[in-house]
Amino acid sequence: QVQLVESGGGLVQAGGSLRLSCAASGRTFSSYAMGWFRQAPGKEREFTAAISRSAGRRTYYGDSVKGRFTISRDNAKNTVYLQMNSLKPEDTAVYYCALGDSMSDYGHGWEYDYWGQGTQVTVSS
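The text that follows walks through the structure, step by step, so that each part is easy to find.

Rules used in this analysis
- Going along each chain's sequence as written, the residues are numbered from 1 onward.
- Side-chain atom pairs in this predicted model are given and counted only at pLDDT of 80 or more, local residue features only at pLDDT of at least 70, and totals for whole chains, interfaces and linings cover all residues.
- Side-chain numbers come from the whole structure's heavy atoms, not from hydrogens or water.
- The numbering of helices and of strands both runs from the N terminus, where a helix is a DSSP run of H or I of at least 4 residues and a strand a run of E of at least 2.
- Only protein chains enter the accessibility calculation, which uses a 1.4 Å probe. A residue is then buried if its area is under 20% of the maximum for its type, exposed if over 50%, and partly exposed in between.
- Note on definitions: a residue-residue contact is assigned when non-hydrogen atoms from the two residues lie within 4.5 Å.
- At least two bridges found by DSSP between two strands is the condition for calling them paired.
- Helix axes are fitted only over the stretch in contact, all axes being lines through C-alpha atoms; the angle between N-to-C directions runs from 0 to 180 degrees.

Points about the environment of threonine 70
Stage number 1. Inspection of the secondary structure puts threonine 70 in strand β7 (residues 69–74).
Stage number 2. On the basis of relative accessibility, which here comes to 42%, the residue threonine 70 falls in the partly exposed class.
Stage number 3. For the pair threonine 70 and valine 121, spaced 51 residues apart in sequence, the C-alpha to C-alpha distance is 16 Å.
Stage number 4. If we ignore the near neighbours within four places in the chain, the residues touching threonine 70 are Tyr61, Tyr81, Leu82 and Gln83.

Section: the sheet that holds strand β8 (residues 79–84)
Stage number 1. With antiparallel pairing, four strands are arranged side by side in an open sheet as β1-β3-β8-β7. Every interior strand has two partners, whereas the edge strands, β1 (3–7) and β7, have only one. On average, adjacent strands in this sheet sit at an angle of 15 degrees to one another, irrespective of strand direction.
Stage number 2. Bridging between strand β3 (residues 18–25) and β8 involves six bridges; their strand directions are antiparallel. Along β8, the bridge assignment pairs serine 21 with tyrosine 81.

Quick look at the pairing of β1
Stage number 1. Only one face of β1 is covered, namely the one carrying Leu4 and Glu6; the face carrying Gln3, Val5 and Ser7 has none of its residues buried.
Stage number 2. Pairing of β1 with β3 involves five bridges; the strand directions are antiparallel. Its bridge partner lying in β3, leucine 4 is registered against alanine 24.

Put into structure tokens, the structure is as follows:
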């Protein structure tokens, strides 16, 4: 049974930063790709960032967060991070981490096998 637990969300002013963490258990963490998605009220789930398995040499970002967000992983800690800088009110959403095995398109939610419960990020103007 895979468990993904997100943390690090909260309230921040526009222009500020937050770092989200997602701790995984129940699998050999390094063998899996990891992704972050977000969903704002009344909107569809949106791809945010993803990182390939093992050393994580490949990273992918949604257009709205490129240059501001950075995804990384620490396999020794079974944790994936999302560093979010220059936050904007439109970044307000529930952020979910996800774990995937066989990936052909990191940007699609259906590629991922397990999901966390989400953490709320609110950016005030």
